[in-house]
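Single-letter residue listing:
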Amino acid sequence: TFNLEESVFSHCSGYTQLRMSLDNRLELWNDDDHQAVSLNKFEPHLFDGGSKTVSRGRLRDFNFVLRTGLCQGDIQVVSLTPGGTAHARQRTDLNSDVYEFAYAPYDPFVFSGSERVKIQAGELLMLDHSRLRSAYRYFNEGPATCDLITCLAVIRR
């Protein structure tokens, strides 16, 4: 949560950051980019965690951090309508360890793997995609659309 109008990010040399706002517009100034980047809600931005980065705007954000050179990843937002379902992503690379993280900032969702589990708003779910073709699914059993943030981390062996 950014309570100040302007914030300086912690120096995270050796890490890549994927950051997005969960509510309001986020403006980032990064010394490497030499320009401001303006992001709308749920719009991700990838940058080097070792460069000086300043943010502008009061908001809640989501930050996915990956070790540069060891991990690759991405971040997506899936909107589940009431009664809607979505499959977790599938493993495609047998020479890597693959993990998926799911986070819903405002609404609970249900996850189904070997059993059904209700995940509360603000909790983070981690999936180990060690099986090639998993049958993981997300469900929205609530009365409103649930925005689900999913992050994939691929770690080279």
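From a predicted model like this one, the values you see are computed outputs, not experimental measurements.

A.B. asks: Just to check I follow, could you spell out the sheet that holds strand β11 (residues 109-112) for this structure?
C.D. replies: Where strands meet in a sheet, backbone hydrogen bonds hold them as pairs that are either parallel or antiparallel. Across the sheet, which stays open at both edges, the four strands sit in the order β9-β14-β11-β12 with antiparallel pairing between neighbours. Both edges of this open sheet fall to β9 (85-87) and β12 (116-119), since each of them pairs with a single strand only. Between one strand axis and the next, the sheet turns by 25 degrees as a mean value, whatever way the strands run. Where β11 meets β12, four bridges bridge the pair, whose relative direction is antiparallel. Residue pairing for β12: Phe111 is matched across the bridge by Val117.

A.B. asks: It is not clear to me how a negative patch on the surface should be interpreted in this structure. Could you clarify?
C.D. replies: On the surface, Asp31, Asp32, Asp33 and Asp48 cluster together into a patch of negative charge. Looking at where Asp33 falls in the secondary structure, it is placed in the loop between β3 (26-30) and β4 (35-39). Asp33 gets classed as partly exposed once you look at its relative accessible area, which sits at 35%.

A.B. asks: Would you take a moment to explain the side chain of Asn30 for this structure?
C.D. replies: In this fold, Asn30 is placed in strand β3. There is a polar contact of 3.0 Å between the side chain of Asn30 and the side chain of Ser51. A polar contact of 3.0 Å, which involves the side chain of Asn30, links it to the side chain of Thr53. Setting aside anything within four residues of it in sequence, one finds Asn30 in contact with Gln35, Phe47, Asp48, Ser51, Lys52 and Thr53.

A.B. asks: Please explain the packing of aromatic side chains as it appears in this structure.
C.D. replies: Aromatic ring pairs are described here by two measures, namely the spacing of the ring centres and the angle between the planes. Under the definition given, this model contains seven aromatic pairs. Judged by centre distance (5.8 Å) and plane angle (35 degrees), the rings of Phe2 and Phe9 are tilted. On the basis of relative accessibility, which here comes to 13%, the residue Phe9 falls in the buried class. Centroid distance Phe111 to Tyr138: 6.2 Å. Interplanar angle 50 degrees. Geometry classified as tilted. Separated by 27 residues along the polypeptide, Phe111 in strand β11 and Tyr138 in strand β14 (residues 137-139) bring together distant segments of the chain. Neither residue differs from the other here; Phe111 and Tyr138 are each classed as buried. Clustering of aromatic rings is evident, with ring pairs tying together Phe109, Phe111, Tyr136 and Tyr138.

A.B. asks: Got a minute to help me understand the pattern of salt bridges in this structure?
C.D. replies: Opposite charge on two side chains makes pairing possible when the charged atoms of those side chains draw close. Tallying each qualifying case throughout the model produces five salt bridges. The residue Arg19 makes a salt bridge to Asp61 at a minimum N-O spacing of 2.4 Å. A residue pair is termed long-range when its members are at least 10 positions apart, and Arg19 in strand β2 (residues 15-21) and Asp61 in strand β7 (residues 61-67) qualify at 42 residues. When its relative accessible area of 18% is taken as the criterion, Asp61 is described as buried. Two residues, Asp74 and Arg89, come together in a salt bridge whose shortest N-O distance is 2.5 Å. Here Arg89 lies in the loop between β9 and β10 (96-103) and Asp74 lies in strand β8 (residues 71-80), a separation of 15 residues in the sequence.

Definitions and cut-offs
Position labels on residues start from 1 in each chain and follow its written sequence. For a predicted model such as this one, the threshold for reporting local features is a pLDDT of at least 70, and the threshold for listing and counting side-chain atom pairs is 80 or more; totals across whole chains, interfaces and linings nevertheless cover every residue. The side-chain quantities take in all heavy atoms of the structure and omit both hydrogens and water. One requirement defines pairing of two strands: DSSP has to find at least two bridges between them. Every helix listed is a DSSP run of H or I at least four residues long, and every strand listed is a run of E at least two residues long, numbered separately from the N terminus. Every axis corresponds to a line fitted to the C-alpha atoms, with the helix fit spanning only the stretch in contact, and the corresponding angles, defined between N-to-C directions, vary from 0 to 180 degrees. Residues enter patches when they are more than 30% accessible in relative terms and free of salt bridges; like-charged ones are connected within 9 Å and nonpolar ones (Val, Leu, Ile, Met, Phe, Trp, Tyr) within 5 Å. For the area figures, the Shrake-Rupley method with a 1.4 Å probe applies, and any residue is considered shielded solely by the protein chains shown. Each salt bridge in this description consists of a side-chain nitrogen of Lys or Arg and a carboxyl oxygen of Asp or Glu lying within 4 Å of one another. A residue counts as positive if it is Lys or Arg and as negative if it is Asp or Glu; His and the chain ends are not included. Here the site of a charge means NZ on Lys, CZ on Arg, CG on Asp, or CD on Glu. Throughout this description, buried means an accessible area under 20% of the type-specific maximum (1.4 Å probe, protein chains only), exposed means over 50%, and partly exposed covers the range between. As used in this structure description, the phrase polar contact means that two N or O atoms lie within 3.5 Å; if the pair is within protein, one of them must be able to donate a hydrogen and the other to accept it, and residues adjacent in sequence are counted only when both atoms belong to side chains. Any two residues whose heavy atoms approach within 4.5 Å at even a single point are treated as in contact. Paired rings are identified among Phe, Tyr and Trp, the last through its six-membered ring, by centres lying within 6.5 Å, and are further divided according to the angle between planes into stacked (under 30 degrees), edge-to-face (over 60) and tilted (the rest).

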